[in-house]
Amino acid sequence: MDASRLAVSQHTTAQGVHVLTLRGEIDQGSVGFVGWAFDSGGGDRCAPCTVIDFEHVTFMDSSGVHFLVYAHRAAQESDGWLRLASVPSAVQRLLHIVGLDELLATYATLQAALPA
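To keep things clear, this report deals only with the structure shown in the data block. (Residues numbered from 1 in each chain as written. Predicted model: local features only at pLDDT ≥ 70, side-chain atom pairs only at ≥ 80, totals over all residues. Heavy atoms only, no water.)

**Notes on the environment of Val31**
Stated formally: Starting at the N terminus, helices and strands are each numbered in turn, a helix being any DSSP run of H or I of at least four residues and a strand any DSSP run of E of at least two. The criterion used for residue contact is that any of the two residues' heavy atoms lie within 4.5 Å.
Mapped onto the elements of the fold, Val31 is located in helix H1 (residues 31-40). Separated by 17 residues in the primary sequence, Val31 and Pro48 place their C-alpha atoms 20 Å from one another. Beyond its immediate chain neighbours, meaning those up to four positions away, Val31 contacts Ile26, Ser63, Gly64 and Phe67.

**Details of the sheet that holds strand S5 (residues 105-107)**
In plain terms, the rule: Think of it this way: DSSP has to see at least two bridges between two strands before they count as a pair. Every angle, taken between N-to-C directions, lies between 0 and 180 degrees, and every axis is a line fitted to C-alpha atoms, over only the stretch in contact when it is a helix.
Pairing is mixed in the open sheet, where five strands are placed in the order S1-S2-S3-S4-S5. The open sheet terminates on both sides in strands that have one partner only, identified here as strand S1 (6-12) and S5. The average undirected angle you get between the axes of adjacent strands in this sheet is 20°. Alignment of strand S4 (residues 81-85) against S5, held across three bridges, turns out to be parallel. If you follow Leu84 over to S5, its bridge partner there is Thr106.

**Observations regarding the environment of Tyr70**
Looking at where Tyr70 falls in the secondary structure, it is placed in helix H2 (residues 62-77). Along the primary structure Tyr70 and Gly35 are separated by 35 residues, whereas in three dimensions their C-alpha atoms are 9.0 Å apart.

**Focus on the environment of Leu110**
Counting through the fold element by element, Leu110 comes out in helix H4 (residues 110-113). Along the sequence, Leu110 and Ile52 sit 58 residues apart, while their C-alpha atoms lie 8.2 Å from each other. When residues no more than four places from it in sequence are discounted, the contact partners of Leu110 are Val19, Val51, Asp53, Ala85 and Ser86.

**Comments concerning the side chain of His72**
You can see His72 is positioned in helix H2. When near neighbours in sequence (up to four residues on either side) are disregarded, His72 contacts Leu82, Leu103 and Leu104.

**Overview of the nonpolar core**
Rules: Residues grouped as a nonpolar core are buried Ala, Val, Leu, Ile, Met, Phe, Trp, Tyr and Cys residues, joined through side-chain atoms within 4.5 Å. The rule is simple: take the accessible area with a 1.4 Å probe, protein chains only, and divide by the maximum for that residue type; under 20% is buried, over 50% is exposed, in between is partly exposed.
Counting residues in each nonpolar core, the largest one holds 25 residues, and the members touching the most others are Ile52, Phe54, Leu68 and Leu84. Listing elements by their share of this core, those giving two or more residues are strand S2 (18-26), H1, strand S3 (49-60), H2, S4 and helix H3 (89-98). When residues of this core are assigned to their parent elements, the largest contribution, six residues, is made by H2. Not counting the four nearest positions on each side in its chain, Leu84 is found in contact with Ile52, Phe54, Leu68, Leu95, Leu104, Ala105, Thr106 and Tyr107. The next biggest cluster of nonpolar side chains, apart from the first, holds seven residues, and it includes Val17, Val19, Val51 and Ala85.

**Some words on unusual backbone geometry**
Of note, Asp79 is a non-glycine position whose phi angle comes to about 55°, a positive value. Within the secondary structure layout, Asp79 lies in the loop between H2 and S4. On the accessibility criterion, Asp79 (73% relative accessible area) is exposed. The phi dihedral of Ser86 is positive, around 55°, even though this residue is not glycine.

The analysis is restricted to geometry; functional conclusions fall outside its scope.
Now the structure itself:
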């Protein structure tokens, strides 16, 4: 996997929400890093609720779409949820084309995606 095009940082909020912040390109060569971070849950995958911050994502292909389907299903199986924050227009368009915009909750900012 090539991490040079994608940086992934993560933390868990005081409310137990796993937050992934992505920076760069999500494609076949880098999507594994996103999956690893999602599955690790910040070292504790018992947090079923996840927000993925897309603010600094510059590109996403079908590999990212497949990951989001996987992540949504995994969250549902854990009685949790998956929310997307700060989704750039190009990525939002891709989500719309494949119909994921009706399945996944998107929020304008990371703060708006987090529970009050």
